[in-house]
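# Examining the three-dimensional arrangement
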Amino acid sequence: MNGNINDAMTIKLDYELPEYPAFEEGYRRAPRRESHLSEADKALAIKNALRYIHPDHHAQMAKEFAQELEEHGRIYGYRFRPAGKLYGKPIDEYKGACIEGRAIQVMIDNNLDFDVALYPYELVTYGETGQVCQNWMQYRLIKKYLEVLTDEQTLVVMSGHPLGLFHSHKMAPRVIISNGLMVGTFDDQKNFNRAAALGVANYGQMTAGGWMYIGPQGIVHGTFNTLLNAGRLKLGIPQDGNLAGRLFVSAGLGGMSGAQGKAAEIAGAASIIAEVDDSRIETRYTQGWVSHRTDSLEEAWAIAKQHMEDKEPCAVAYHGNVVDLLEYLYDNNIHVDLLSDQTSCHVPYDGGYCPQGLTFEERTEMLDKDPEGFAKLVDKTLQHHYEMICKLHDRGTYFFDYGNSFLKAVYDTGVKSICKNGENDLDGFIFPSYVEDILGPCLFDFGYGPFRWCCLSRNPEDLDKTDAAAAEYIKNHNRRYQDYDNYVWVRDAKKNKLVVGTQCRILYQDAMGRMNLALKFNEMVRNGEIGPVILGRDHHDTGGTDAPFRETSNIKDGSNIMAEMATQCYAGNAARGMSYIALHNGGGTGIGNSINGGFGMVLDGSERVDNILKMAMPWDTMVGVSRRAWARNENALTTVVEYNEMYKGQDHITLPYLADDAIVAEAVKSMKG
Ligand SMILES: NC(=O)c1ccc[n+]([C@@H]2O[C@H](COP(=O)([O-])OP(=O)(O)OC[C@H]3O[C@@H](n4cnc5c(N)ncnc54)[C@H](O)[C@@H]3O)[C@@H](O)[C@H]2O)c1
């Protein structure tokens, strides 16, 4: 049978096994992952991985895979990782039968760039566990498919596994991706860990498995917006003011959290960010994303204090545990204006959260040798962390959950007092998620979200031209303070040296802004002013994600537990011809806590692309605004009223009648039960 199978495939891994590549020093490696496999499961995991390998090599590779499973809890197929540095090369250097096939290879390689990825050898782009695909056999095979994919075929990728090429048509997506989607009864971390160890589930996070990560720049803009608007809403900062003289404190300088210091600086604040892993501080310091680094709590505070007095911004990396930092600030009566956290609390027991009293190295060792003991320490620190936040809050600090499931993680340790209803998490928590208080009402409800683009030529001049075009557009469409913030952002983007990896830009825009900029860029490609561009967005957006503890935490009609918006968004983007689309379980808040999706759209200058942009770009955002309007969110209602007027006779969105609370209360009173 194996002979027939081999002959029946023209697209497969090369017969010869590649040389086992050397691991270069100085790059972070993922900790061992939890697997808990039975003997039968171990056999299944090895058999599953051997599906990619010619049987002549099974005896050798079975042993190699067994060793990887034992050492790492996963089979990564390290042998199949191409040697040396991977990075998103200029698009012309890739093989392909259509532009999308080549463009998508740029994005995959950018997600695995040594300078970009968190654990490049384990295919982890960011968020502790967010992978491009599960193993290097899949990486190689996906690339082989992308090299032959035509503009009349669609590649299907399930949790990193390229299922195959199927014929479709020119207006269809070229790649359809899903990651970690599980059947309800089994949709929990334990079952996911087993499935991942068996090699049948990938944790795509958001743009990791959606192949649209653009380095921490992606989140700098969102964090900048969040901090500035938190200052406006909670500290009385005027619309045209900034956070000069104010103190922002948080934790994490990893893949996404690494943006915090930079964003705080752009917003004018003095900030102290705790980070237990010195190598991540080193990365951010050499990039210029933190301005100072120290192991001393006294020194961290002295630097921040001086900058606050001088009304100058700074980003101080404190090498140590965030809970130690909070204790110091509290004990010394230091007022913290804004407080948050961005440790990887969506996976606290898998290495995402470091317990107090352990160094980063001790955390890694304990995770490997005593995962149960480690989990107990995590619980203890989370509870104490929460206590410290409550104490600072009582002294006037504004704390917000920054989308890392921190509050949920505390609740999961058994702390019921953190729940709004004192019982369970159905009504959310006593501290707001930043989406609930800030990003939701100020941005998502209007449709403003993390639109982004990459210049596939890797030519910085192309990025300069698109930045200039975007700044010009926003200047001419300045309707409210959000537009002005976005203008300042893109005007200063080059000066702020935000690019890591390919030449990409993030720019929060609403539905019309996204569509008009997309059409403008496509025109620039058509006119030969710039090379091809790929558009996308973070899944963390108005319409792409259902996540009750984050993106949809300001949906208050009870539908926050539903996952239909993200699913419809994905299906609608497929129907309208986005170049590739992705739908994931988990995202930034963990397995079972979110369904999220995104897209990539290649601009080749064609009329076909113009037509897709006109259909797909408004849909991708307005699906979210519509759902938010139906949930009676005020700013979304206004946005939909305007949209219905603008698209009269073409689109039509259902609006809710608003009931008088007194009438409803009266009706409830009249009920017998
Ligand atoms: N709000 C958003 O828009 C958004 C976007 C992306 C990610 N996130 C969430 O933020 C979290 C962080 O994402 P990431 O990509 O930076 O992950 P990451 O794992 O790369 O970084 C987290 C960092 O926290 C550090 N850390 C862990 N415990 C610590 C402790 N007790 N004290 C000090 N430092 C500690 C780790 O060493 C690590 O460097 C994730 O949960 C992610 O889902 C939120």
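See above for the structure.
Source: prediction; values computed, not measured.

## So, the overall build of the chain
What the chain contains, in helices and strands, is 22 helices and 17 strands. Computed over the C-alpha atoms, the radius of gyration of the chain is 24 Å, within 12% of the 26 Å expected from 2.2 N^0.38 for a compact globule of 673 residues. Referenced to the eigenvectors of the C-alpha coordinate spread, the extents of the chain come out at roughly 70 × 65 × 65 Å. Taken over 673 residues, the chain has a buried fraction of 61%. Put simply, of all contacts in the chain between residues at least 6 apart along the chain, 71% involve residues at least 24 apart. By element, 52% of the accessible surface of the chain is carried by carbon and sulfur atoms, the whole surface being about 26100 Å². Charged side chains of the chain number 67 positive and 90 negative; the gap between the two group centres comes to 3 Å.

## Things to note about the side chain of N554
Mapping N554 onto the fold places it in the loop between β15 (545–546) and α19 (564–576). One polar contact links N554 to D445, side chain to side chain, over a distance of 3.3 Å. Not counting residues within four places of it along the chain, the set of residues in contact with N554 comprises V435, E436, G440, P441, D445, R628 and N633.

## Here's the deal with the site of the ligand
Of all residues adjacent to the ligand, which total 34 residues, the nearest are S257, E275, S344, H346 and Y434. One of the backbone nitrogen or oxygen atoms of G127 is found 2.9 Å away from an oxygen atom of the ligand. At a separation of 3.3 Å, a nitrogen atom of the ligand approaches a polar side-chain atom of N321. A breakdown of the residues in the shell around the ligand according to their chemical character gives 12 nonpolar, 17 polar and five charged.

## Observations regarding the sheet that holds strand β9 (residues 314–319)
Strand order across the open sheet formed by six strands is β8-β9-β7-β6-β10-β11, with parallel pairing between neighbours. Both outer strands of the open sheet, β8 (292–294) and β11 (398–399), are each paired with one neighbouring strand and no more. Where strand β6 (residues 247–251) and strand β10 (residues 338–339) come together, two bridges link them in parallel fashion. Residue pairing across strands places V249 opposite L339, the latter belonging to β10.

## A few points about the pattern of salt bridges
Applying the stated criterion across every chain yields a total of 43 salt bridges. In this structure, R79 engages E64 in a salt bridge whose closest nitrogen and oxygen atoms are separated by 2.8 Å. With R79 in the loop between α3 (58–72) and α4 (99–111) and E64 in helix α3, this pair connects stretches of sequence that are 15 residues apart. Of the charged contacts in the structure, one is a salt bridge between K420 and E436, with a shortest N-O distance of 3.0 Å. Taken together, the residues span a long stretch of sequence, with K420 in the loop between α14 (406–412) and α15 (434–442) and E436 in helix α15 at a distance of 16 residues. Several salt bridges converge on common partners, so that one network encompasses R514, R537, D541 and D620.

## Remarks on the packing of aromatic side chains
Applying the stated criterion across every chain yields a total of 24 aromatic pairs. Ring geometry for F23 against Y121: centres 4.9 Å apart, planes inclined by 70°, an arrangement best described as edge-to-face. Taken together, the residues span a long stretch of sequence, with F23 in the loop between α1 (2–8) and α2 (39–49) and Y121 in the loop between α4 and β1 (124–126) at a distance of 98 residues. For Y121, a relative accessible area of 2% corresponds to the buried category. With a centroid separation of 6.4 Å and an interplanar angle of 40°, the aromatic rings of Y484 and Y487 are classed as tilted. Separated by three residues within a single helix, Y484 and Y487 lie in helix α17 (residues 481–492), roughly one turn from each other. Linked through ring pairs, Y20, F23, Y27, Y76, Y78, F114 and Y121 together constitute an aromatic cluster. The ring of F23 has R29 sitting right over it, with the charged end atom 4.3 Å from the ring centre. Against the face of Y330 rests R395, its NZ or CZ located 3.7 Å from the ring centre.

## Details of the state of the cysteines
This structure, assessed with the given rule, holds one disulfide. Each sulfur in the disulfide pair C454 and C504 lies 2.4 Å from the other. Torsion about the S-S bond of the C454 and C504 cystine: about 95°, corresponding to right-handed handedness. Here C504 lies in strand β13 (residues 503–509) and C454 lies in strand β12 (residues 449–455), a separation of 50 residues in the sequence. With a relative accessible area of 1%, C454 lands in the buried category. Look at C504 and you get buried, because its relative accessible area is 0%. Free cysteine C354: the closest other cysteine sulfur is in C345, separated by 11 Å. Left without a disulfide partner, C455 is nearest to the cysteine sulfur of C454, which lies 7.5 Å away. Classification of C455 as buried rests on a relative accessible area of 1%.

## What to know about the pairing of strand β4 (residues 161–167)
Two elements, strand β3 (residues 153–158) and β4, share six bridges in a ladder whose sense is antiparallel. For M158, the partnering residue across the bridge sits in β4 and is H161. Here β3 hands over to β4 after two residues, with S159 in that stretch at a positive phi of 45°.

## Topic: the pairing of strand β7 (residues 270–275)
For β7, a buried count of six out of six residues is recorded, marking the element as mostly surrounded by other parts of the structure. Of the strand pairs in this sheet, β6 and β7 are connected by five bridges, and their pairing is parallel. Bridge pairing in β7 links S250 to I273.

## Considerations on the side chain of D546
As for its placement among the helices and strands, D546 is situated in strand β15. Here D546 falls in the buried class, since its relative accessible area comes to 2%. Within polar-contact distance, the side chain of D546 engages the backbone nitrogen of E564 at 3.5 Å. Apart from the residues lying within four places of it in its own chain, the contact partners of D546 are T552, M562, A563, E564, M565, A566, N593, S594, I595 and R627.

## Notes on a nonpolar patch on the surface
Taken together, the side chains of M1, I5 and M9 present a nonpolar region at the surface, about 320 Å² in accessible area. Mapped onto the fold, M1 is located in the segment before α1. Overall, the relative accessible area of 74% leaves M1 in the exposed class.

Thresholds, definitions, all that
- Here, residues in each chain are numbered from 1, in the same order as that chain's written sequence.
- Two thresholds apply to this predicted model, a pLDDT of at least 70 for residue-level local features and 80 or more for giving and counting side-chain atom pairs, whereas whole-chain, interface and lining totals are computed over all residues.
- Only hydrogens and water are set aside; all other atoms, that is, all heavy atoms of the structure, feed into the side-chain values.
- A run of DSSP states H or I qualifies as a helix once it reaches four residues; a run of E qualifies as a strand once it reaches two. Both are numbered from the N-terminal end.
- In this treatment the radius of gyration is a C-alpha quantity, and the globule benchmark scales as 2.2 Å times the residue count to the 0.38 power.
- We call a residue buried when its accessible area falls under 20% of the maximum for its residue type, exposed when it is over 50%, and partly exposed in between, using a 1.4 Å probe and counting protein chains only.
- Here a residue-residue contact requires only that any non-hydrogen atoms of the pair lie within 4.5 Å.
- With residues, only the protein chains shown are counted as cover, and all accessible areas are computed by Shrake-Rupley using a 1.4 Å probe.
- As used throughout, the charge tally considers Lys and Arg to be positive and Asp and Glu to be negative, leaving His and the chain termini uncounted.
- Note on charges: their place is set at NZ of Lys, CZ of Arg, CG of Asp or CD of Glu.
- Identification of polar contacts relies on pairs of N or O atoms within 3.5 Å, with a donor-acceptor requirement for protein atoms, meaning one able to donate a hydrogen and the other able to accept it, and with residues adjacent in sequence counted only if both atoms are side-chain atoms.
- We call a residue near a molecule or strand when any one of its heavy atoms sits within 4 Å of it.
- Gly is put with the polar residues, along with every residue not named as nonpolar or charged; the nonpolar set is Ala, Val, Leu, Ile, Met, Phe, Trp, Tyr, Cys and Pro, and the charged set is Asp, Glu, Lys and Arg.
- By this definition, two strands are paired if DSSP reports at least two bridges between them.
- Think of a salt bridge as a Lys or Arg side-chain nitrogen and an Asp or Glu carboxyl oxygen that are within 4 Å of each other.
- Any pair of Phe, Tyr and Trp rings, taking the six-membered ring for Trp, is counted once the centres come within 6.5 Å. Such a pair is stacked with planes under 30 degrees apart, edge-to-face with planes over 60 apart, and tilted for the rest.
- Charges are assigned to positions over rings by a cutoff of 6 Å between ring centre and Lys NZ or Arg CZ, combined with an angular limit of 35 degrees from the ring normal.
- Disulfide assignment relies on a single distance test, namely cysteine sulfur atoms paired within 2.5 Å.
- Any residue with relative accessible area above 30% and no salt bridge may belong to a patch, with like charges joined within 9 Å and the nonpolar Val, Leu, Ile, Met, Phe, Trp and Tyr side chains within 5 Å.

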